[in-house]
Amino acid sequence: MSKLTSGQRSGINWSAVFAFPNPVNEYAARITAGLVVLLAGVTLVTGSGWGLVLIAAGFWLRVLFGPRFSPLALLSVKVLAPRLGRARLVPGPPKRFAQGMGTVVSSTALILFAAGAAPAAWIALAVLIAAASLEAFAGFCLGCVIFGVLQRRGVIPEDICEACNNVSLRRS
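This text gives an overview of the structure that appears in the document. (Residues numbered from 1 in each chain as written. Predicted model: local features only at pLDDT ≥ 70, side-chain atom pairs only at ≥ 80, totals over all residues. Heavy atoms only, no water.)

## Notes on the overall build of the chain
In terms of helices and strands, the chain carries eight helices and four strands. Within the chain, contacts between residues at least 6 apart in sequence are counted, and of these 73% link residues at least 24 apart. Carbon and sulfur atoms make up 67% of the accessible area of the chain, which amounts to about 10,000 Å² in all. (Helix = DSSP H or I, 4+ residues; strand = E, 2+ residues; numbered from the N terminus. Contact = heavy atoms within 4.5 Å. Areas by Shrake-Rupley, 256 points an atom, 1.4 Å probe, with all protein chains shown as cover.)

See the structure below:
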């Protein structure tokens, strides 16, 4: 009988299944955010509940599995970002945190819509569009900033992202 390492059950390495890339190509993250803005804008204009389902599902896929299963992230990572040339690497944990915030906001919008509170759902979606637009068009990751604030206050342990604390560890 073989020994199972931490995170493994029945031969499946669950840590690898739920892995998130570190570092992350900032260009791919910004392109994904731009695609989210596009999809969310179309959803807002059409009033489509299915659009909310797609947006929330995409965030869940990205936060749980990184870019491996999200159609928007795969398009960004495999097709669009490589066309921009050399990757610009940034720490992964703040980007995952930002994806988590997107998951909360998009899921909230979907739940509000399903509960019959469409105006509140569209407000939540507008907040998501604003945050994703900052990332896509200005390179300002609101989730990353909040991650940094929480890390400096000790809410997120320093060892979660050593590169966030130590400039010499950051890749350019």
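## Examining the state of the cysteines
Scanning the model with the defined rule gives two disulfides in all. The side chain of Cys141 participates in a disulfide bridge whose partner is Cys144; the two sulfur atoms lie 2.5 Å from each other. Judged by the torsion about the S-S bond (65°), the Cys141/Cys144 disulfide is right-handed. Judged by relative accessible area, which is 11%, Cys141 ranks as buried. (Disulfide = S-S within 2.5 Å. Buried < 20%, exposed > 50% of the residue type's maximum accessible area, 1.4 Å probe, protein only.)

## Things to note about the packing of helix H3 (residues 49-65) against helix H5 (residues 92-114)
The contact between H3 and H5 brings their axes to 8 Å, and the two run at 150°. Classified by the angle between their axes, H3 and H5 sit roughly antiparallel to one another. Here H3 runs over H5; the crossing is left-handed. On H5, the residues that touch Gly49, Leu52, Val53, Ile55, Ala56, Phe59, Trp60, Arg62, Val63, Leu64 and Phe65 of H3 are Arg96, Gln99, Gly100, Gly102, Thr103, Ser106, Ser107, Ala109, Leu110 and Phe113. For the contact of H3 with H5, the residue count by class is 12 nonpolar, seven polar and two charged. (Axes fitted to C-alpha atoms, helices over the stretch in contact; angles between N-to-C directions. Parallel < 35°, antiparallel > 145°, perpendicular 65-115°, else oblique. Left-handed = near helix turned anticlockwise from the far one by under 90°. Nonpolar A, V, L, I, M, F, W, Y, C, P; charged D, E, K, R; others polar.)

## Some details on the environment of Ser48
Tracing the backbone through its elements, the reader meets Ser48 in the loop between helix H2 (26-46) and H3. The spatial distance from the C-alpha of Ser48 to the C-alpha of Phe113 is 9.6 Å, given a sequence separation of 65 residues. Aside from chain neighbours lying at most four places away, what touches Ser48 is Thr43 and Trp122. At a separation of 3.2 Å, a polar atom in the side chain of Ser48 contacts the main-chain amide nitrogen of Trp50. Of the polar contacts made by the side chain of Ser48, one reaches the backbone nitrogen of Gly51; its length is 2.9 Å. (Polar contact = N/O pair within 3.5 Å; in protein donor to acceptor, adjacent residues only side chain to side chain.)

## Section: a nonpolar patch on the surface
Judged by side-chain polarity, Ile12, Trp14, Phe18, Trp60 and Leu64 come together as a nonpolar surface patch covering roughly 440 Å² of accessible area. When you line up the elements, Phe18 lands in the loop between helix H1 (14-17) and strand E3 (24-25). Given a relative accessible area of 34%, Phe18 falls into the partly exposed group. (Patch = residues over 30% accessible without salt bridge, like charges linked within 9 Å, V, L, I, M, F, W, Y side chains within 5 Å. Salt bridge = Lys/Arg side-chain N within 4 Å of Asp/Glu carboxyl O.)

## What to know about the packing of aromatic side chains
Evaluated as defined, the whole model comprises four aromatic pairs. Plain terms: the ring middles of Phe113 and Trp122 are 5.4 Å apart, the flat faces sit at 55° to each other, and that makes the pair tilted. A residue is classified by how much of its surface remains accessible, and Phe113, at 28% relative accessible area, is partly exposed. Three or more aromatic residues link up through ring pairs in this structure, and these residues are Phe18, Phe65 and Phe69. Lying across the ring of Phe59, Arg62 places its NZ or CZ 4.6 Å from the centre. (Phe/Tyr/Trp six-rings, centres within 6.5 Å; stacked < 30°, edge-to-face > 60°. Lys NZ or Arg CZ within 6 Å of the ring centre and 35° of its normal.)

## Let's talk about helix H7 (residues 142-152)
Within the sequence span of H7, burial applies to Gly143, Cys144, Phe147, Gly148 and Gln151. One side of H7 holds all its buried residues, which, seen down the axis, span an arc of 140°. At the C-terminal side of H7, Gly154 shows a positive phi close to 85°. (Arc of directions from axis to C-beta.)

## Things to note about the environment of Gly41
Note that Gly41 resides in helix H2. Look at Gly41 and you get partly exposed, because its relative accessible area is 23%. Separated by 10 residues in sequence, Gly41 and Gly51 have C-alpha atoms that sit 9.5 Å apart.

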